[in-house]
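Survey of secondary and tertiary structure
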Amino acid sequence: MTLFGLILIGVAGFALWMYVKSGKKAVEGAGGSPAGRPALGPGGEKSPVDLALNDIFQLLDQDFVVEGKITYREDGDEWWEFRLVDGADEAYLCVEDDDDLEVSLWREIDLEIPASGPPETLSWEGVTYRCAERGEASVTRDGRTGRKSGQSCAYWDYEGSGGEMLGVERWGGAYETWSGRDVEEGRYDILPGDLVEG
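Summarised in this report is the structure supplied together with it.

Rules and cut-offs
Counting of residues starts from 1 at the beginning of each chain's written sequence and follows it residue by residue. Restriction of local features to residues with pLDDT of at least 70 applies here, the model being predicted, together with a cutoff of 80 or more for giving and counting side-chain atom pairs; totals for whole chains, interfaces and linings are based on all residues. As a rule here, side-chain values come from all non-hydrogen atoms in the structure, and water together with hydrogens is ignored. Note on conventions: DSSP H or I runs of at least 4 residues are helices, E runs of at least 2 residues are strands, and numbering of each starts at the N terminus. Between buried and exposed lies partly exposed: a residue is buried under 20% and exposed over 50% of the maximum accessible area for its type, with that area taken using a 1.4 Å probe on protein chains only. Contacts are assigned to residue pairs that have any heavy atoms within 4.5 Å of one another. Residue exposure ignores everything except the shown protein chains as possible cover, and the areas themselves are Shrake-Rupley values with a 1.4 Å probe. Between rings of Phe, Tyr and Trp, where Trp is taken as its six-membered ring, a pair exists when centres lie within 6.5 Å; planes separated by under 30 degrees are stacked, by over 60 edge-to-face, and by other angles tilted. A ring has a charge above it when a Lys NZ or an Arg CZ is no more than 6 Å from the ring centre and no more than 35 degrees off the ring normal. Note that patches include only residues with greater than 30% relative accessible area and no salt bridge, and the join distances are 9 Å for like charges and 5 Å for nonpolar side chains (Val, Leu, Ile, Met, Phe, Trp, Tyr). Here, a salt bridge means any Lys or Arg side-chain nitrogen found within 4 Å of an Asp or Glu carboxyl oxygen. In this count, Lys and Arg are taken as positive residues and Asp and Glu as negative ones, while His and the chain termini are left out. Charge placement uses NZ in Lys and CZ in Arg. For Asp and Glu, CG and CD serve respectively. The definition of a nonpolar core used throughout is a set of buried Ala, Val, Leu, Ile, Met, Phe, Trp, Tyr and Cys residues joined through side-chain atoms within 4.5 Å.

What follows concerns the overall build of the protein. Secondary structure summary: the protein contains one helix and 11 strands in total. Reading the protein from its N end, one meets helices and strands in the order α-β-β-β-β-β-β-β-β-β-β-β. Split into buried and exposed, the 198 residues of the protein put 36% on the buried side. Here the contacts in the protein between residues at least 6 apart in sequence split such that 50% fall between residues at least 24 apart. Accessible surface, the protein as shown: approximately 12,300 Å² in total, 51% of it carbon and sulfur.

This is the structure in structure tokens:
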């Protein structure tokens, strides 16, 4: 075999090795991250849909730790709530991804519900809310989800004339009441928990 032939074989072998190596990196980059965690997006950011335990959800001047996740399922629909904790402050981030991504932050309020059940209208802080949706969903939980426990949850969603939101949930025989507000895209950041230094 001539020297030219040996050089040609060597170049072909090197090119094959580089192709296999680059292909493996591409698969690893598209396939996700350690321990089955969701992959980052093209810009290195995560979507609220992909939140996982121990992620950091930054909103305005607060850094919330994701301590729990609740998955709701009803009639083929699925949505999520994430329990967020920043010291003594606790809130729940509701994420729905139907045609559009909807993200809202909810905090518990002290609002009495009649023994007969949630009515068609509720009043809180001078605003009248009307029931816009109700139902009962099966739930699964991961991590620490606070007092939200059980296999199912009945819910009532209320809206004010200015877009204000109230929520009522029944876990077992106990009612919980919540005030919510939309969280617009661009007003929050997400830091993956496995990238945050401990």
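Anyway, onward from the coordinates.
Before going further, it helps to examine the side chain of serine 104. With respect to the secondary-structure elements, serine 104 resides in strand E5 (residues 101-109). Accessibility expressed as a relative area gives 9% for serine 104, which makes it buried. The contacts of serine 104, once residues within four sequence positions are left out, are Tyr92, Leu93, Cys94, Met165, Arg181, Asp182 and Val183.

A separate point is the packing of aromatic side chains. Counted by the stated rule, this structure contains six aromatic pairs. Geometrically, the ring pair formed by phenylalanine 57 and tyrosine 188 is stacked, given 5.2 Å between the ring centres and 25° between the ring planes. Taken together, the positions of phenylalanine 57 in strand E1 (residues 56-59) and tyrosine 188 in strand E11 (residues 188-191) put the pair 131 residues apart, joining distant regions of the chain. Among the residues examined, tyrosine 188 registers a relative accessible area of 11% and is labelled buried. Connected via pairs of aromatic rings, a cluster forms that spans Tyr72, Trp79, Tyr155 and Trp171. Taking the ring centre of tyrosine 92 as reference, the NZ or CZ of lysine 148 above it sits at 4.2 Å.

Quick look at a negative patch on the surface now. The grouping of Asp75, Asp77, Asp97, Asp98, Asp99, Asp100, Glu102, Glu133, Glu159, Asp182 and Glu184 at the surface amounts to a negative patch. Mapped onto the elements, aspartate 97 comes out in strand E4 (residues 89-97). Overall, the relative accessible area of 40% leaves aspartate 97 in the partly exposed class.

Let's shift gears to the nonpolar core. Among the nonpolar cores identified, the biggest contains 17 residues, and Phe57, Phe82, Leu84 and Leu93 are the most heavily contacted of them. The set of elements that each furnish at least two residues to this core consists of E1, strand E2 (62-74), strand E3 (77-86), E4, E5 and E11. If we skip the residues at most four places from it in the chain, phenylalanine 82 touches Pro48, Val49, Leu51, Val66, Gly68, Lys69, Ala91, Tyr92, Leu93 and Val95. Counting 13 residues, the second largest nonpolar core, distinct from the first, contains Val139, Met165, Trp171 and Trp178.

The values are spatial; any link to function lies outside them.
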